[in-house]
Amino acid sequence: MTQSKPVGSLKKQLLLTTFACSSVTLVVVALILIGLFNAHIVKRFDEVLIDQMHDLVAAAEFDDKQQLLLAWRSSTPKFNEPFSGWYWQIYDEQEVMYQSDSLYSGDPIRLTQIQDDETLKYIEFTGPAGQALRAIVQKISFPALDSHFHVLVSGPVANITNDVWQFTWQLACALTLVAFGFLIAIFVQLKVAMQPLSRFSTAIKAIRDGQANNINIDVPSELYDIRGEINNLLLHNSAILERSRLQAANLAHALKNPISVLQNQLPTLPADQAQLLDEQLQKLKQCTHTHLARARLAGSVNQLAALCNVSDTLSELLFSMELLYKSRNLTLRFSSAPQNGFRGDQHDLDELLGNIIDNACKWARNQVLINVVLNEHTLTINIEDDGPGIAQQSRQKAFKAGQRLDETTQGTGLGLNIVQDIVTLYNGSINLYRSSLGGLGVVLTLPGSTVTTMDTGE
Amino acid sequence: MRALVVEDDQQAAQQISDALNKHGFAVDVSHDGNDAWFIGDTEEYDIAILDLGLPGRDGLSVLTDWRRGGNKMPVLVLTARDTWREKVNGLRAGADDYLIKPFEMEELLARVEALVRRAHGHASSVIACGSLELDTASQRATLYGRHLDLSALEYRLLAYMINRVGQVVSKATLTEHLYQMDFEHNSNVIEVLVNRVRKKLGTEHIQTRRGQGYVINDAE
């Protein structure tokens, strides 16, 4: 089974897209607000200018000599402050007739060109103190007197920009706060939304650890179908496994009886016929045995919920061995912590340990010792006997490395082929060594885990 | 010695029964689980050979019920069920040995032999009673090292009794253990048989306890 790596994280993706969308939205909102505010400020600014102009025009009158007089001077303080940028001028083509005190000049100069137009004009220019100014200009005519003059009222543009900048700053602060609020909301929502998913993984882990055999949690409607499908799959898987095992067992029974009968009938036949039949029967026997054993194994690879208690298994197997080898008076002992678990199928563990221990008992003189150690996720099982052992060269031959489910190799008659197959299926390892007891030592490493409940061994 | 063979396959049952017969056993055959349970519980056997896949009733439940009822006869399970889990279950249910099909008849006989011996506390296949020795593996009896020529039934009688040295064995018990079920019971037959064996052994080995039965001892 090869599984591709996870493609990104749902959480990360959601966070990124939400963050991107809300930032764009916030920036657009900010731009619109600034634009609106700017327009508003400019309008207010212009109103001040227009008010001043109206005030000036209202104060202007011609005397008998057609000389322009100002009935009163504007009292707005900012127009008196020197170089405040708030200026006004009344002028004609020849000279500047009046100007605000803020211009503070004995020799008045026109701030701008003559506008020979009677409509109100908005202009922008650089004033005497180098300030950017915004101004309105208008030509006021008195047709009855056949005379006219120009009025200019200006104010500093900085006044507008300052306000806008200030507003922008405040807006930025407020919107950043909003953005933070969004982020927190997203986090909280993600947490809430992801909770069923993490509960899902916990439930699946529980199945893997053998604490449950289906997903039994409340899920939101979006995950409802997935839960159902997974549970069906689990049920289906174990049903298929059970069925194929039952069929294998049935086939075994169906084949073995006739083989047995034929074999035991051989002594009644003439020797030459008997020999031929015997050879063929041995092949048939070998095939049924190895292939059925493998058929049982192959079915157990994909089981999700598989964890079995090693100590329980060993105690049952040793109970059986003691009976089967009663006449030999062997001492069979094992040491294993009660929570040592094998991450795999019970049948496979039974066959694996059963065959190795059976082999050890066959050769042992007095004792067989088994030691089990669970280290993190690795189960190490040592099985030693005090029999004659196997010579170094033959040891290498007993298991060829990397050999898996090979149909061409004949069984050794010791069940060691099936042992090799099981170890390979679980990515474990098996090695033979010379035991300190004098005989053969077998060391197995297998995927292990801790059994939390005592009743999962069955 | 009397054996019960429980096997649903007629031909297999016949083979086993023939082999055991040759080996000095009186054999009853049952092909059905219910029937096997009943006769196993009501008749006296020295060993039962039990198949597990049976019509009527599974061999395991037959075995469990025998044991639950206090039946202690040695039981050898002979089956095609070859996984270790099935072995463990069979032995837990009370089997004394477990042999997997296909099997060699010699292997079966050797194991039956060992079980019967073990049931009577003998470690070796040679059982001695004074100058009389019986080798249950080769089915030979010797007196002072001299081979005794015994018929199958005579050997069976001797084998049964030598496993119970010093115990009084009634005629009825002997009838039960020496003959198959379909045998017409008649106590004269036992007397005749015992007399034939006595002739070959010398009268001192087997003594008659009037009204009780016979007892074998080492005659020293």
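This one's a predicted model, so the numbers in the text were calculated from it and none came from an experiment.

If you tally the helices and strands in chain B, you get eight helices and twelve strands. The 220 residues of chain B split such that 45% are buried. Of the contacts formed within chain B by residues at least 6 apart in sequence, a portion of 59% connects residues at least 24 apart.

What follows deals with the overall build of chain A. Across its full length, chain A holds eight helices and 14 strands. Counting only residues that meet the buried cut, chain A has 26% of its 458 residues in that class. The contacts of chain A with a sequence gap of at least 6 include a subset with a gap of at least 24, amounting to 62%.

On to the interface of chain A and chain B, then. Listed as interface residues are 24 residues of chain A and, on the opposing side, 23 residues of chain B. Counting residues per element, the ones that place at least two in the side of chain A that touches chain B are helix H3 (221–265), helix H5 (310–324) and helix H6 (346–363) of chain A. Grouping the amino acids of the side of chain A that touches chain B by side-chain chemistry returns eight nonpolar, ten polar and six charged.

What follows concerns the pairing of strand S9 (residues 331–335) of chain A. All names here are of chain A. Burial along S9 is one-sided: Leu332 and Phe334 are buried, and none of Thr331, Arg333 and Ser335, which face the opposite way, are. In this sheet, strand S11 (residues 367–375) lies alongside S9 in parallel orientation, the contact comprising five bridges. Its bridge partner being in S11, Leu332 is matched across the sheet by Val368.

Another point: the nonpolar core. In terms of nonpolar packing, the biggest core is built from 108 residues, with Ala3, Ile47, Ile49 and Leu158 of chain B touching the most fellow members. Ranked by size, the runner-up nonpolar core spans 19 residues in total, among them Met53, Trp88, Tyr91 and Ala135 of chain A.

Residue and element names in this part refer to chain B. Taken in spatial order, the four strands make up an open sheet running S6-S7-S8-S9, and their pairing is antiparallel. A strand with exactly one partner marks an edge of an open sheet, and here the two such strands are strand S6 (126–129) and strand S9 (146–148). For this sheet the average axis-to-axis angle between neighbouring strands, irrespective of direction, equals 25 degrees. Against the sheet, helix H6 (residues 152–162) touches S6, strand S7 (132–135) and strand S8 (140–143), its axis set at about 105 degrees to S7.

Residue placement: Ile259 of chain A occurs in helix H3. Once the C-alpha coordinates of Ile259 of chain A and Leu281 of chain A are considered, the two residues, 22 residues apart in sequence, prove to be 6.7 Å apart. Among all residues touching Ile259 of chain A, those that are not within four sequence positions of it are Leu281, Leu284 and Lys285 of chain A together with Pro102 of chain B.

So, on to helix H4 (residues 84–92) of chain B. Along an α-helix, a turn takes 3.6 residues, which lines up residues three or four apart on a common side. When H4 of chain B is considered as a whole, its buried residues turn out to be Trp84, Lys87, Val88, Gly90 and Leu91 of chain B. Burial along H4 of chain B is one-sided: seen end-on, the buried residues are contained in an arc of 165 degrees. Turning to H4 of chain B, the residues buried within the fold contact H5 and H6 of chain A together with helix H3 (59–68), strand S4 (75–79) and strand S5 (97–100) of chain B. Positive backbone phi, at 120 degrees, marks Gly94 of chain B, one or two positions downstream of H4 of chain B.

In this section: the confidence of the model for chain A. Residues and elements named next belong to chain A. Taken as a whole, chain A shows an average pLDDT of 84; of its residues, 91% reach a score of 70 or greater. The low-confidence segment residues 400–414 (pLDDT under 50) makes 13 contacts with residues lying over four places distant or belonging to another chain. Here residues 454–458 scores under 50 on pLDDT; set against residues more than four positions off or in separate chains, the count is nine contacts.

Residue and element names in this part refer to chain A. With respect to topology, five strands assemble into an open sheet ordered S4-S3-S7-S6-S5, the strand pairing being antiparallel. Unpaired on one side and paired on the other, strand S4 (96–99) and strand S5 (121–126) mark the two borders of the sheet. Each adjacent strand pair in this sheet contributes to an overall mean axis angle of 25 degrees, direction not counted. As judged from the five bridges shared by strand S3 (residues 87–91) and strand S7 (residues 147–156), these two strands associate in the antiparallel manner. Directly across from Tyr91, in S7, lies its bridge partner His150. Its contacts with the sheet place helix H1 (residues 10–59) against S3, strand S6 (132–142) and S7, and it is angled at close to 150 degrees to S7.

What follows concerns the UniProt feature "transmembrane region" (unreviewed entry) in chain A. All names here are of chain A. Within this structure's numbering, the places UniProt gives as "transmembrane region" (unreviewed entry) are residues 14–37 and 167–190. Between the C-alpha atoms that bound residues 14–37 the distance is 34 Å, and the span itself is 100% helix and 0% strand. The span residues 167–190 shows a helical share of 100% and a strand share of 0%, and its end C-alpha atoms are spaced 34 Å apart.

Take H6 of chain B next. Extensive coverage of H6 of chain B is indicated by the burial of nine of its eleven residues. Along H6 of chain B, the positions that sit buried rather than exposed are Glu154, Tyr155, Arg156, Leu157, Leu158, Ala159, Tyr160, Met161 and Ile162 of chain B.

Glancing now at the packing of H6 of chain A against helix H8 (residues 416–425) of chain A. All names here are of chain A. For the pair H6 and H8, interaxial distance at closest approach is 9 Å and the crossing angle is 140 degrees. With respect to H8, the axis of H6 lies oblique. Considering how the two elements wind past one another, H6 and H8 form a crossing that is left-handed. Within the contact between the two elements, H6 uses Asp348, Glu351, Leu352, Asn355 and Ile356 and H8 uses Leu416, Ile418, Val419 and Ile422. Considering only residue class, the contact of H6 with H8 consists of six nonpolar, one polar and two charged.

Further remarks concern the confidence of the model for chain B. When pLDDT is averaged across chain B, the result is 88; 96% of the residues are at 70 or more. As a predicted assembly, this complex carries a pTM of 0.62 together with an ipTM value of 0.74.

All names here are of chain A. Of the strand pairs in this sheet, S11 and strand S12 (residues 378–385) are connected by eight bridges, and their pairing is antiparallel. Bridging across to S12, Leu369 finds its partner in Glu384. Direction of pairing for S12 relative to strand S14 (residues 440–450): antiparallel, over a ladder of seven bridges. Bridge pairing in S14 places Thr378 opposite Pro447.

Looking now at the environment of Ser449 of chain A. Residue and element names in this part refer to chain A. Within the secondary structure, Ser449 sits in strand S14. Judged by local crowding, Ser449 falls into the buried class, with 22 C-beta atoms found within 10 Å. Placed 141 residues apart in sequence, Ser449 and Cys308 show a C-alpha to C-alpha distance of 9.0 Å.

In this structure, the amide linkage connecting Lys101 of chain B to the following residue, Pro102 of chain B, adopts the cis form with an omega of -5 degrees. Along the chain, Pro102 of chain B falls in the loop between S5 and helix H5 (105–119). Positive phi values are uncommon outside glycine, yet Asn329 of chain A reaches one of about 55 degrees. Secondary-structure assignment places Asn329 of chain A in the loop between H5 and S9. Positive phi is not limited to glycine here, since Tyr144 of chain B has a value of about 50 degrees. Note on placement: Tyr144 of chain B falls in the loop between S8 and S9.

Residues and elements named next belong to chain B. Mapped onto the elements, Ile190 comes out in helix H8 (residues 187–201). Residues Ile190 and Lys171, 19 residues apart in the sequence, show an inter-C-alpha distance of 6.6 Å. Setting aside its immediate chain neighbours within four residues, Ile190 contacts Lys171, Leu174 and Thr175.

Cut-offs applied
Residues numbered from 1 in each chain as written. Chains lettered and ligands numbered in written order. Predicted model: local features only at pLDDT ≥ 70, side-chain atom pairs only at ≥ 80, totals over all residues. Helix = DSSP H or I, 4+ residues; strand = E, 2+ residues; numbered from the N terminus. Buried ≥ 20, exposed ≤ 12 C-beta atoms within 10 Å, placed from the backbone. Contact = placed C-beta atoms within 7 Å. Nonpolar A, V, L, I, M, F, W, Y, C, P; charged D, E, K, R; others polar. Pairing = 2+ DSSP bridges. Core = buried A, V, L, I, M, F, W, Y, C linked by C-beta atoms within 7 Å. Axes fitted to C-alpha atoms, helices over the stretch in contact; angles between N-to-C directions. Arc of directions from axis to C-beta. pLDDT = per-residue confidence, 0-100. UniProt positions renumbered as here; feature names shortened; annotations may be inferred. Parallel < 35°, antiparallel > 145°, perpendicular 65-115°, else oblique. Left-handed = near helix turned anticlockwise from the far one by under 90°.

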